[in-house]
Amino acid sequence: MAKGWYSELPHQSRVALWALFAGWVVDVYDVYIVAFLGLLIAHVYLAPYLGAGAYVQELYAAGSLTATLVARGVGSFIFGPIADSRGRKNPLMATLLGYSVFTLLTAFTVEIVRPFFSGDLLPLAVITTFVAFRVGAGLFLGGEWTVGAPYLSEFLPSEVRARATSLMQAGAPLGQLLAALIPFLLIGVMGNGAFSQFGWKLAFILGALPALLAVYVRFSLPESPAWQNAKKRKQKFSVGLKPMVQTLMVNVGMFVCVYAVVASYGTYVGELYGSTTLQVFGFHMSPSFMLLIVISAVGVFSTVFFGQIGDSLGRKRGLLIGSLGFLILSPVAAAFWQSKPSLPYLLLASSAYSFFVGSTGLLPAYVSERYSSAVGRATGAAAYNGNLLVTGWVPSLVAVVGHSLFRGPLASQFAFGMFAFSVIGSLILMVSVALGPETKGVELNS
């Protein structure tokens, strides 16, 4: 089936693939829109009321992202067991609807809060409510992959599972790309002033689109046959401590690397170049947005590429290649010895690092294949987002560690934090993958 594998997939497998791809695009878009617009939102919410300085605003921006990420970790452990006991389809619909609602509420935080608070209480209420909405969105975001990855994997034959699920996972860098591109286009159309006042809300309103996708799931997708077979045989719930710990550590290592660099890059480059803008196709674009758009586009390609590696060389070798790439490139991607690296250098280094982020494309197949029972597989898949209980703090710790251990400009402090966490993450990833088995060829019929 390897040659022309997509055309040979059953119709329901293809429908499930593209439905989950679309859901994952908007899922990751929701997360990264906070990462990319965090400083703007901090400036809108904090500076007018509190006169907060740059460091406080950056901590608030990182904290908003951290709240979303850590809540995703909690949500994964809520929806994983539900999907094992009640089936995949209904929990998947619930996650799509849930984060759509909270993302929409995020856009109207001020309007919701203002009738109830005034004076000195208003800024605190706005900030608290904004973070609360991000926590709510994060809980449902955490369930979407946890339910969706094993659901899709259970529809696919083992010989093409990595490349098919890597297509779903390519929704992550595409969502990241849209999170960088849509604000850029909105700013180009309405100008910086209007975007800062109300235009950024439109970027969040777009995150409510999965509500429509949930309706599509309801009427177009069947329940997982593997889960149904397991339930008919009255298979007992089974996860296993060893595979749970091992896959959790694989994901911890992977996402320490990802969040150390990708989630921190916008702030890092923003500090380097300040208010500098570049003319691109008639639009004014900041270096941050330009670099983020490029590395996101590279990530889409590399995620699919690593899926091919997973089906040819194996999941384990592909993940080890990714960990080695992070380790080699960590000092290159964060040039902390320079106060202001050139844009061409940053473009090349960040693109190379982003290429190895594509090794996340192996995770849906690898994590699902580590669990032999369908009644327990979604709980095991909670390791993917469950790692965020640890790694979700990394965007905030990058700033804190860099500020504490490195003397120099703020951008250099961020770069040092990025470098340190990238090295740590790559070593955790390398060791945890090496200690685990190869899963290529594992069948998921039950």
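Reading the values: the criteria
- Residues numbered from 1 in each chain as written.
- Predicted model: local features only at pLDDT ≥ 70, side-chain atom pairs only at ≥ 80, totals over all residues.
- Heavy atoms only, no water.
- Axes fitted to C-alpha atoms, helices over the stretch in contact; angles between N-to-C directions.
- Helix = DSSP H or I, 4+ residues; strand = E, 2+ residues; numbered from the N terminus.
- Parallel < 35°, antiparallel > 145°, perpendicular 65-115°, else oblique.
- Left-handed = near helix turned anticlockwise from the far one by under 90°.
- Contact = heavy atoms within 4.5 Å.
- Nonpolar A, V, L, I, M, F, W, Y, C, P; charged D, E, K, R; others polar.
- Phe/Tyr/Trp six-rings, centres within 6.5 Å; stacked < 30°, edge-to-face > 60°.
- Buried < 20%, exposed > 50% of the residue type's maximum accessible area, 1.4 Å probe, protein only.
- Lys NZ or Arg CZ within 6 Å of the ring centre and 35° of its normal.
- Patch = residues over 30% accessible without salt bridge, like charges linked within 9 Å, V, L, I, M, F, W, Y side chains within 5 Å.
- Areas by Shrake-Rupley, 256 points an atom, 1.4 Å probe, with all protein chains shown as cover.
- Salt bridge = Lys/Arg side-chain N within 4 Å of Asp/Glu carboxyl O.
- Core = buried A, V, L, I, M, F, W, Y, C linked by side-chain atoms within 4.5 Å.
- Polar contact = N/O pair within 3.5 Å; in protein donor to acceptor, adjacent residues only side chain to side chain.

Colleague: Let's hear about the packing of helix H14 (residues 315-333) against helix H20 (residues 410-435): which residues, and what values?
Modeller: Two numbers describe how H14 lies on H20: the axes approach to 8 Å, and their chain directions differ by 160°. Judged by the angle between their axes, H14 and H20 are roughly antiparallel. The crossing of H14 and H20 is left-handed. Residues Lys316, Leu319, Leu320, Ser323, Leu324, Phe326, Leu327, Ser330 and Pro331 of H14 pack against Phe419, Ser422, Val423, Ser426, Leu427, Leu429, Met430, Val433 and Ala434 of H20. Classifying every residue of the contact of H14 with H20 gives 13 nonpolar, four polar and one charged.

Colleague: So what's going on with the packing of aromatic side chains? Residues and values would help.
Modeller: Here the distance between the centres and the angle between the planes together describe a pair of aromatic rings. Tallied over the entire structure, the rule returns 17 aromatic pairs. A centroid spacing of 6.0 Å and a plane angle of 90° characterise the contact between tryptophan 5 and tyrosine 6, whose relative ring orientation is edge-to-face. What makes tryptophan 5 buried here is its relative accessible area of 12%. Here phenylalanine 305 and phenylalanine 306 contribute two aromatic rings whose centre-to-centre distance is 6.0 Å and whose plane-to-plane angle is 85°, an arrangement assigned as edge-to-face. On the basis of relative accessible area, phenylalanine 305 is assigned to the partly exposed category, the value being 34%. The class for phenylalanine 306 is buried, based on a relative accessible area of 1%. Through pairs of rings, three or more aromatic residues link up here, namely Trp24, Trp145, Phe255, Tyr259 and Tyr384. The ring of tyrosine 6 carries arginine 14 above its face, with NZ or CZ at 5.7 Å from the centroid.

Colleague: Before we move on, can you summarise a nonpolar patch on the surface with the specific residues and values?
Modeller: A contiguous nonpolar patch, built from Val74, Phe77, Ile78, Ile82, Leu389 and Val390 and spanning about 450 Å² of accessible area, is present on the exposed surface. For the nonpolar patch, the elements supplying multiple residues, two or more each, are helix H4 (54-86) and helix H18 (388-391). Structurally, the position occupied by isoleucine 78 is in helix H4.

Colleague: Lay out the environment of valine 239 in plain terms, naming residues and giving numbers.
Modeller: Note on placement: valine 239 falls in the loop between helix H11 (225-232) and helix H12 (241-273). Look at valine 239 and you get buried, because its relative accessible area is 18%. Distance from valine 239 to arginine 377, taken between C-alpha atoms, is 6.7 Å for residues 138 residues apart in sequence. When near neighbours in sequence (up to four residues on either side) are disregarded, valine 239 contacts Met244, Tyr371, Gly376, Thr379 and Gly380.

Colleague: Can you break down the environment of glycine 98 residue by residue, with the values?
Modeller: By the element assignment, glycine 98 lies in helix H5 (residues 89-107). On the accessibility criterion, glycine 98 (9% relative accessible area) is buried. For the pair formed by glycine 98 and alanine 208, sequence separation is 110 residues and the distance between their alpha carbons is 9.4 Å.

Colleague: Account for the nonpolar core, naming residues and giving values.
Modeller: In terms of nonpolar packing, the biggest core is built from 108 residues, with Tyr265 and Tyr268 touching the most fellow members. With 17 residues, H12 is the single largest residue contributor to this core. With near-sequence residues (within four places) excluded, tyrosine 265 lies in contact with Leu291, Leu292, Ala333, Leu346, Ser350 and Met418.

Colleague: Would you mind going over the side chain of serine 76 in detail, with residue names and values included?
Modeller: Along the chain, serine 76 turns up in helix H4. When its relative accessible area of 0% is taken as the criterion, serine 76 is described as buried. Separated by 3.3 Å, the side chain of serine 76 and the backbone oxygen of alanine 382 make a polar contact. There is a polar contact of 3.3 Å between the side chain of serine 76 and the backbone nitrogen of glycine 386.

Colleague: I'd like a description of the pattern of salt bridges, backed by residues and values.
Modeller: The tally for this structure, following the rule as stated, stands at ten salt bridges. Taking the shortest distance from any N to any O, the salt bridge between arginine 163 and aspartate 311 comes out at 2.8 Å. Of the two residues, arginine 163 sits in helix H8 (residues 161-169) while aspartate 311 sits in helix H13 (residues 287-312), which places them 148 residues apart along the sequence. The partner of glutamate 369 in a salt bridge is arginine 315, with the nearest N and O atoms 2.6 Å apart.

Colleague: Explain the packing of helix H9 (residues 171-205) against H13 to me, and be specific about the residues and the numbers.
Modeller: Two packed helices can be described by the angle between their axes and the distance between those axes. Where H9 meets H13, the closest approach of the two axes is 8 Å, and the angle between their N-to-C directions is 155°. One finds that H9 runs roughly antiparallel with respect to H13. The handedness of the crossing between H9 and H13 comes out as left-handed. Between H9, through Pro173, Leu174, Gln176, Leu177, Ala180, Leu181, Pro183 and Phe184, and H13, the contact on the second element is made entirely by Phe289, Leu292, Ile293, Ile295, Ser296, Ala297, Gly299, Val300 and Thr303. Counted by class, the contact of H9 with H13 contains 13 nonpolar, four polar and no charged residues.

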